[in-house]
Amino acid sequence: MDVIIVGGGIVGASAAFHLTRRGVSTALVDAAHPGQATAAGTGVVFPWPFPWDAPAVWEFKARAAAHYPRLMDELARDGHLTGYEAVGGMSVDREGDDAGYELLHTLAQRPELATMGRVERLPAGEPTRRFPLVPEAYGGVHIEGMARVNGRRARAALFNAAEERGLRYHKGRAHLAWNGHRVTGVSVDGEELEAATVIVAAGAWSADLLAATGTDLPLFPVRGQMTHFALPGTSTRRWPVVRFGERDYFVCAFGPDRVVTGGTVEPEAGFDLRTTAGGLLHNLSTAVEVLPSLAEATVVETRVGLRPGTHDGQQLLGALDHLPGVVVATGLGGQGLTFGPYQGLVAARLATGEDTGLDLAVFRPDRPAA
């Protein structure tokens, strides 16, 4: 075996796809933990950088933005349902039709951010026409290239495409194998699997996996409770993604009639996967406050996911100097569905010794924790 991936979320599945696509002998080991963030995410895809991002972060995001639609197109051509749709998105505001127009329009003119597409002002009432739950008083900005993604379908598409190309799958909890000099593979339920490189992409569980080697990964679980609503008799298939600028609150619609609202952010919850009364109250009260029409919607479910958070908000991506044979790829927090596919590609390149063309120093997984 050339590479073993530990973790079957969107990052691990992407790494598996990109490795097997190149003919690299690859195995994926997944404990299928309840609470995997990929399955619970809201589904908003806005990968483009902002001027205040550090140069290395800007470059990563710009490349991720270009990679996403190409990857989804390739999977679709292969016959896989990706759950990805470029439906466009709106940033709306009570103050009128600016809502960041100048900034977004300027960004969209940059050649490396061409996937943003057209940026246009929306006068008051126009956001309501495009997403009927938005109050009439709101104006905003429309970004053509924004998309939504069903995390479960996207992950399944990547995994199935990798299996078609020879991926070997092992369900179970992995333990790193260490010969005193380097990691040599993993053990899964007593079975020893050897490989030249192990990619640790186990999301919020990555720190536990590496703790056995004495590695203190600066990572912690951040519980998110995301509530899904249904609007019986109303088709939401073509509705764009919406961001309410005054509170940085996202709403995403899926067909045939579902609306998903931004959820809780609970770093103090640890690995507790309960849907709590407080979390549900927060989601319902915020949703109805922002979108009053949701008061008549059906509450379908609340999904709970554990996002992999870091002390400084930057992802963990790269090798560990003290632990040869390991590549870490996690720590995307609430942006896993946006940047996970590209993080998986970068991890695959690192695992095979390929130059990524990126400055990964700011993402070092062994950087000091505050």
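So, how was this worked out
- Residues numbered from 1 in each chain as written.
- Predicted model: local features only at pLDDT ≥ 70, side-chain atom pairs only at ≥ 80, totals over all residues.
- Heavy atoms only, no water.
- Pairing = 2+ DSSP bridges.
- Helix = DSSP H or I, 4+ residues; strand = E, 2+ residues; numbered from the N terminus.
- Axes fitted to C-alpha atoms, helices over the stretch in contact; angles between N-to-C directions.
- Core = buried A, V, L, I, M, F, W, Y, C linked by side-chain atoms within 4.5 Å.
- Buried < 20%, exposed > 50% of the residue type's maximum accessible area, 1.4 Å probe, protein only.
- Contact = heavy atoms within 4.5 Å.
- Polar contact = N/O pair within 3.5 Å; in protein donor to acceptor, adjacent residues only side chain to side chain.
- Parallel < 35°, antiparallel > 145°, perpendicular 65-115°, else oblique.
- Left-handed = near helix turned anticlockwise from the far one by under 90°.
- Nonpolar A, V, L, I, M, F, W, Y, C, P; charged D, E, K, R; others polar.

Caption draft 1: Region of the structure containing the sheet that holds strand β19 (residues 316–319). The mixed open sheet is built from six strands, whose spatial order is β9-β2-β1-β13-β20-β19. Each having just a single partner strand, β9 (168–171) and β19 make up the two edges of the open sheet. Direction aside, the axes of adjacent strands within the sheet are offset by 15° on average. One ladder, built from three bridges, connects strand β13 (residues 197–200) with strand β20 (residues 326–330); its direction is parallel. Bridged to Ile 199 within β20 is Val 327.

Caption draft 2: Quick look at the nonpolar core. Core analysis: the largest hydrophobic core is formed by 46 residues, its most contacted members being Ile 5, Phe 60, Leu 75, Ile 199 and Leu 317. If you list the elements that add at least two residues to this core, you get β1 (3–6), α1 (10–21), α3 (55–77), β8 (147–149), α6 (151–164), β20 and α9 (336–351). Per-element accounting of this core gives the leading share, eight residues, to α9. Excluding residues within four positions of it along the chain, Ile 199 makes contact with Val 3, Ile 4, Ile 5, Val 6, Ala 15, Leu 19, Val 327, Ala 329, Ala 347, Ala 348 and Ala 351. Counting 27 residues, the second-largest nonpolar core is a separate cluster that includes Val 29, Ala 195, Ala 204 and Leu 210.

Caption draft 3: Molecular detail of the side chain of Thr 338. Counting through the fold element by element, Thr 338 comes out in helix α9. Taking the relative accessible area as the measure of exposure, Thr 338 reaches 6% and is therefore buried. A polar side-chain atom of Thr 338 sits 3.0 Å from the main-chain carbonyl oxygen of Val 44.

Caption draft 4: Examining α9 more closely. Most of α9 is tucked away, with 14 of its 16 residues classed as buried. Two residues or fewer past α9, Gly 353 is found with a positive phi of approximately 75°.

Caption draft 5: Geometry of the environment of Ala 147. Its place among the elements puts Ala 147 in strand β8. Sequence separation of Ala 147 and Gly 89 is 58 residues, and the distance between their C-alpha atoms is 6.9 Å. Non-local contacts of Ala 147, meaning those with residues more than four positions away in its chain, are made with Gly 43, Val 44, Val 45, Tyr 84, Glu 85, Ala 86, Val 87 and Val 241.

Caption draft 6: Quick look at the packing of α1 against α6. With their axes 8 Å apart at the nearest point, α1 and α6 run at an angle of 30° to one another. If you check the angle between α1 and α6, you find them roughly parallel. Remark: the crossing between α1 and α6 carries left-handed chirality. Mapping the contact onto sequence places Ile 10, Ala 13, Ser 14, Ala 16, Phe 17 and Thr 20 in α1 and Ala 154, Arg 155, Leu 158, Phe 159, Ala 161 and Ala 162 in α6. Within the contact of α1 with α6, the residues separate by chemical class into nine nonpolar, two polar and one charged.

Caption draft 7: The arrangement of the environment of Ser 91 in detail. Inspection of the secondary structure puts Ser 91 in strand β5 (residues 89–93). By relative accessible area, which is 7% here, Ser 91 ends up buried. For Ser 91, the side chain forms a polar contact with the side chain of Arg 243, separated by 3.2 Å.

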